[in-house]
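Architecture and fold: a report
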Amino acid sequence: NSLPITFNSDSKNYPFLEQCVKEAILFKKDSSYSCYMTKELLQTTMETTMEKITNSVHAFSKIFNGCIVIETETPYSEKCDDSLLSGRIDCLLQDKENGQYFLVDFKSNNIKGPFAVDEENNPSVDSSGEKIPLEKQGIIDFQMPIYVRLLEKNKNIKIENAGFFIINKAECIPVFGKELYGRCEKDRTEALNCDDFMATIEKTNEYLANFIQRIK
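Residues numbered from 1 in each chain as written. Predicted model: local features only at pLDDT ≥ 70, side-chain atom pairs only at ≥ 80, totals over all residues. Heavy atoms only, no water.

Quick notes on the sheet that holds strand β2 (residues 67-80)
Read across the open sheet, the six strands follow the order β1-β2-β3-β4-β5-β6; overall the sheet is mixed. The open sheet terminates on both sides in strands that have one partner only, identified here as β1 (3-4) and β6 (171-176). Pairing analysis gives five bridges linking strand β5 (residues 161-166) to β6, with the strands arranged antiparallel. From the neighbouring strand, F164 faces β6, where its bridge partner is I173. The sheet contacts of helix α3 (residues 46-63) involve β3 (83-95), β4 (101-107), β5 and β6, and relative to β5 the element is tilted by about 165 degrees. (Pairing = 2+ DSSP bridges. Helix = DSSP H or I, 4+ residues; strand = E, 2+ residues; numbered from the N terminus. Contact = heavy atoms within 4.5 Å. Axes fitted to C-alpha atoms, helices over the stretch in contact; angles between N-to-C directions.)

What follows is the structure, given as structure tokens:
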């Protein structure tokens, strides 16, 4: 079932969320957190933890206001020759009005790119036009292109927007998609669109094929 997201700018009061955090810290008996000392230490950070989670939920709801959550923590896989490409999608949303999809991956802290192919700063051919060996080219972050590939092939949908949501900073870092750039209050003219991102997916496919060939 889909979960709608709504944003209330006048409130950061999430009593249900607060109750969940307290229960996770105080009442998780059948886990490594059940020892007295660990529980006491976690209680000292409860206020800070609650503030971070509340800020993140507030920011996420604002950015994705009007969207519906299609699925969370969903595993996907694809057979590549004799190998298996797999990944677990954190969150897939869809705008209720324009139908665009948003792929979101959650991170605790900052993540460093590059997230897309950049021929100007990381060329695939040298000044004479010769192709630079793959192992001598700069590496891009593989996660998002692999997730987009898995989602589009398994669900037969088009992912128009993708980004990383940094929980500790309550901030979304768009990877591509003009709609997501706009929702994150960033300059839409700087955004890659989903078709532009195909070059990154193709480059990732090239790396994957090269890796599979090397380990055979």
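Description of the side chain of D105
Relative to the assigned elements, D105 resides in strand β4. A distance of 3.2 Å separates a polar atom in the side chain of D105 from a polar atom in the side chain of K107. (Polar contact = N/O pair within 3.5 Å; in protein donor to acceptor, adjacent residues only side chain to side chain.)

Notes on α3
Residues spaced three or four apart along an α-helix face the same direction, because each turn holds 3.6 residues. Over its 18 residues, α3 runs 26 Å from end to end, which matches the ideal 26 Å to within 8%, given 1.5 Å per residue. For α3, the complete set of buried residues consists of M46, M50, T54, S56, H58, A59, F60, S61 and I63. (Expected span 1.5 Å × (residues − 1). Buried < 20%, exposed > 50% of the residue type's maximum accessible area, 1.4 Å probe, protein only.)

What about the state of the cysteines?
Here the structure, examined in full by the defined rule, presents zero disulfides. The closest cysteine sulfur to the non-disulfide-bonded C91 is located on C67, 9.3 Å from its own sulfur. (Disulfide = S-S within 2.5 Å.)

Quick word on the environment of R149
Looking at where R149 falls in the secondary structure, it is placed in helix α4 (residues 143-155). Remark: the alpha-carbon pair of R149 and E202, spanning 53 residues in sequence, is separated by 9.7 Å.

Digging into the packing of α4 against helix α6 (residues 198-215)
Two quantities define a packed helix pair, namely the angle between the axes and the distance from one axis to the other. Look at α4 against α6: their axes get within 9 Å of each other, and the N-to-C directions meet at 95 degrees. One finds that α4 runs roughly perpendicular with respect to α6. Mapping the contact onto sequence places P145, I146, V148 and R149 in α4 and T200, I201, T204, N205 and L208 in α6. Of the residues that constitute the contact of α4 with α6, the class distribution is five nonpolar, three polar and one charged. (Parallel < 35°, antiparallel > 145°, perpendicular 65-115°, else oblique. Nonpolar A, V, L, I, M, F, W, Y, C, P; charged D, E, K, R; others polar.)

Considerations on the pattern of salt bridges
Applying the stated rule across the entire model yields 10 salt bridges. Two residues, E179 and R183, come together in a salt bridge whose shortest N-O distance is 3.5 Å. In this pair, E179 and R183 are both assigned in helix α5 (residues 178-183), four residues apart and thus about one turn of the helix distant. For the pair E179 and R183, one class covers both residues: buried. For E206, the salt bridge identified is with K203, shortest N-O distance 3.7 Å. On the criterion of helical spacing, the pair formed by E206 and K203 is a turn pair, its members being three residues apart in helix α6. On the basis of relative accessibility, which here comes to 29%, the residue E206 falls in the partly exposed class. On the basis of relative accessibility, which here comes to 10%, the residue K203 falls in the buried class. Among the charged side chains, a network of salt bridges with common partners joins E78, R149 and K153. (Salt bridge = Lys/Arg side-chain N within 4 Å of Asp/Glu carboxyl O.)

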